[in-house]
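The chain contents come next:
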Amino acid sequence: MSEIDTQGLAEKPRRILLVDNEACSLEYLKACLKKVDCAYDTACNNREAKDIISRASASSFHCIITNCDIAEENTIELIEWIKNVDETLSTVIIADPREKEFGTDTLRKGASDYLEKPVPPKLIAEVVNRLCNLTKQQRSFRVSHFAVSELANLQSNFCQSKKIPGTKGLDLFYLPKHELGGDFLDIVPISPTCYAITCADVSGHDLKAAYISSYFQGMARGMLQKGAALHEVIESINHILLKEWNSLETSQKGCVNFSLAAAFTLIDTETGSAEIYNCGFPAPILVDKDGVTYFWEDGSQPLGWFEEGIFSHSSYLLKDINYIIMHTDGHSDLADSLDIHPMSLAYWLLNLETKQEHYEITSLATDDILLANVNLNKNEEGFFPIFQQKLTQLDIPRIDTVQSEWERSLIFALPQEEIEPRMNDILLCCREITLNALKHGCTDAEGSFCDVTFSYQKASNILSAWIDDHGPGFEFNKQEVLAEMGTMLIQKSHISLGLITVSGLSDDIQNIRNGSCTRMNFKLGHTNL
Amino acid sequence: MITHTLNASSQELVLTFPGDLLSTNANELNDEITSLCKNGESSSKWNTLTLDLKNARMIDSIGLNLLVCLVKDIKEKKGQLKALITSRTIYRTFLATRLDRSIEVVFNER
């Protein structure tokens with residue numbers, strides 16, 4: 001609070017500065033102010049006015065009235081100077097009615113009001129009263145805003161400073177919609193090898209949400225540190241929300257119900273396992289070393305909705321898992337509005353150098369965004385998912401649209417100079433393999449689908465495309481295809497043409513499970529002819 | 001829609017493609033090509049067919065099939081087939097499939 005001068009907020013006599021370079025009109029203004037309950041100082045030019053304001057401090061004044069001949073004094077320069085010193089201090093300009101343009105200019109430069117001569121004493125009194133109140137109000141807002149900003153910094157620092165010993169670390173992006181938000185992430189050590197990660201989203205994204213968020217964050221942390229089990233923490237939070245915050249009595253008084261969507265994850269780095277209680281939170285995403293994603297779908301409803309029940313939980317062995325990604329729904333909403341895949345947005349957000357970068361995009365967010373990536377791999381950097389989708393045979397006619405979806409998400413996530421030289425190669429290869437998978441690997445039976453995944457490894461600058469139809473596969477011999485590339489192709493089927501094209505355009509192609517799954521690698525940045 | 005120009009003095013028919021040559025538009029483009037090359041008023045007035053693919057970024061396997069059919073037709077007609085390309089991906093596709101041995105490729109990267 002020390003950075004904000006709060007003197008102007010105290011209840012004390014109002015103080016006005018009169019700036020007038022004509023003695024008789026100055027006397028007139030002084031006479032007018034006698035009818036107003038205020039003290040005043042006088043200055044006969046801009047220089048003297050600045051001296052008085054500087055010596056007494058701008059915050060000791062409530063209003064400045066200037067009535068100078070514009071031929072002699074640069075009133076606009078004085079207004080700009082005052083706004084620079086204290087933007088909350090109101091100013092009123094009195095000028096000749098023939099100087100309307102000047103009056104408009106002063107308003108544009110920050111004057112609070114403009115009065116044309118002659119100004120009756122009653123009007124002076126009215127304007128002074130109004131502008132003094134305006135100054136007080138603006139100073140009050142400034143103090144509140146500063147306090148909120150301080151809290152926002154605190155909240156952001158709480159989020160950003162999390163470390164998880166025993167893992168490579170935590171990448172975090174936190175962006176409240178307003179200064180303060182209702183999303184939070186907390187990491188509590190349970191033992192030297194075991195950590196609880198609480199990721200939560202309080203309904204709303206305002207001061208109230210921030211307060212509720214802090215309350216339950218502290219409560220969960222305290223209970224976990226005192227040895228409570230995850231289910232006990234969850235039951236306690238639900239109980240408090242239901243019995244105290246959302247009780248019938250408070251609801252009848254018109255209080256809005258409170259709820260908390262949260263994922264409580266316990267990671268044991270020694271056993272390589274994780275346990276999760278998901279209470280209405282978006283499913284955490286598990287990512288293997290190749291960047292293939294699995295959604296941790298199990299869970300129950302948000303806390304505060306219903307009576308205590310059994311909160312389901314599930315466990316997962318993390319042996320092949322590189323990343324656990326958790327995000328609040330504000331992240332998915334922003335991806336939707338940008339018409340890109342959420343993982344494309346996730347990669348981009350987690351790799352921003354500063355939050356100010358590309359502010360025009362993050363400012364489109366309609367909710368708080370919290371995105372956390374727990375990096376479990378201590379050694380090699382894994383592939384990070386950029387795009388994932390399931391396609392069925394019904395998608396064959398819309399392959400051009402599907403291709404556009406891939407393109408948008410890849411362009412968004414990856415540096416233009418890296419992806420652009422290979423974009424057409426990637427799109428064509430994936431189109432070929434995907435159409436083959438949908439036509440020959442999938443059936444029209446319900447549940448028959450093809451997974452398309454793009455993942456990226458920054459260290460090697462390689463983009464991997466995985467196309468998996470989960471079918472029986474087909475005989476595909478890369479060496480045979482490469483040998484065919486040495487022959488004329490006039491007689492070849494379009495499948496051969498496709499495979500030869502893909503082999504020629506990708507840097508590496510692997511066929512897994514008899515070809516039902518194809519992985520293609522593309523070294524980004526340049527193309528060799 | 002494919003646009004065409006006939007240069008009577010050089011007996012060259014130029015077909016300008018609007019964009020990519022893909023599974024989703026190959027049939028339609030094939031009909032247009034057939035109409036312009038075989039049935040149109042200019043059908044007997046050219047000896048060289050030039051495919052202007054400067055607006056295309058890529059050609060998939062179905063699109064390649066269409067080109068292969070064209071190669072066969074032009075061979076029967078004892079004519080020449082030429083392709084104007086600006087996309088590196090299309091050029092590499094031609095090299096990988098050896099289509100450059102059947103079509104004279106003019107590659108000028110943008």
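Anything mentioned here points back to the structure above.
The rules behind the values
Residues numbered from 1 in each chain as written. Chains lettered and ligands numbered in written order. Predicted model: local features only at pLDDT ≥ 70, side-chain atom pairs only at ≥ 80, totals over all residues. Heavy atoms only, no water. Pairing = 2+ DSSP bridges. Helix = DSSP H or I, 4+ residues; strand = E, 2+ residues; numbered from the N terminus. Buried < 20%, exposed > 50% of the residue type's maximum accessible area, 1.4 Å probe, protein only. Arc of directions from axis to C-beta. Axes fitted to C-alpha atoms, helices over the stretch in contact; angles between N-to-C directions. Contact = heavy atoms within 4.5 Å. Core = buried A, V, L, I, M, F, W, Y, C linked by side-chain atoms within 4.5 Å.

Visitor: Teacher, can you tell me more about the pairing of strand β1 (residues 3-7) of chain B here?
Guide: Along a regular strand, successive side chains alternate from one face of the sheet to the other. All names here are of chain B. Taken together, the 5 bridges between β1 and strand β2 (residues 12-16) define a ladder with antiparallel strand orientation. Across the sheet, residue N7 finds its bridge partner in β2, namely E12. The antiparallel pairing of β1 with β2 creates a hairpin that spans 4 residues between the two strands, and Q11 there sits at a positive phi of about 55 degrees.

Visitor: Hey, could you run me through unusual backbone geometry in this one?
Guide: Negative phi is the rule for most residues except glycine; trans is the rule for most peptide bonds. Here the residue pair K117 of chain A and P118 of chain A is connected by a cis peptide bond, since its omega of -5 degrees sits within 30 degrees of zero. Locating P118 of chain A in the fold gives a position in the loop between β5 (113-116) and α5 (121-160). For N514 of chain A, which is not glycine, the phi dihedral falls at a positive 55 degrees. Along the polypeptide, N514 of chain A turns up in the loop between β19 (508-512) and β20 (517-523). Classification of N514 of chain A by relative accessible area gives partly exposed; the value is 41%. Its identity as a non-glycine residue notwithstanding, K78 of chain B has a phi of 60 degrees, on the positive side.

Visitor: I tried to follow helix α1 (residues 23-33) of chain A on my own but got confused; where do I start?
Guide: Along an α-helix, residues three or four positions apart point the same way, because every turn accommodates 3.6 residues. Residue and element names in this part refer to chain A. For α1, the complete set of buried residues consists of S25, L26, L29, C32 and L33. Each buried residue of α1 sits inside an arc of 115 degrees when the element is viewed along its axis, so together they form one side. Residues of α1 that are exposed and angled more than 90 degrees away from the buried face: A23 and C24.

Visitor: I'm lost on the sheet that holds strand β9 (residues 260-268) of chain A in this one. Help?
Guide: In a beta sheet, neighbouring strands pair by backbone hydrogen bonds and run either parallel or antiparallel. Residue and element names in this part refer to chain A. If you trace the 5 strands from one edge of the open sheet to the other, you get β7-β8-β9-β10-β13, paired in antiparallel fashion. Every interior strand has two partners, whereas the edge strands, β7 (183-191) and β13 (313-317), have only one. Neighbour-to-neighbour, the strand axes of this sheet turn through a mean angle of 15 degrees, independent of strand direction. In this fold helix α6 (residues 207-225) packs onto β7, β8 (194-202) and β9, with an angle of close to 5 degrees to the strand it touches most, β7.

Visitor: What is the right way to look at the nonpolar core in this model?
Guide: Most often, soluble globular proteins have nonpolar side chains that are buried together. In this structure, L345, L410, L414, I426, F454 and M520 of chain A are the most contacted members of the largest nonpolar core, which totals 61 residues. A per-element tally of this core places helix α14 (residues 423-441) of chain A first, with 10 residues. Look past the residues within four positions of L410 of chain A in its chain and what remains in contact with it is I386, I419, M423, I426, F454 and L463 of chain A. Counting 32 residues, the second-largest nonpolar core is a separate cluster that includes L497 of chain A together with L15, L66 and I103 of chain B.

Shape descriptors only; they carry no functional weight alone.
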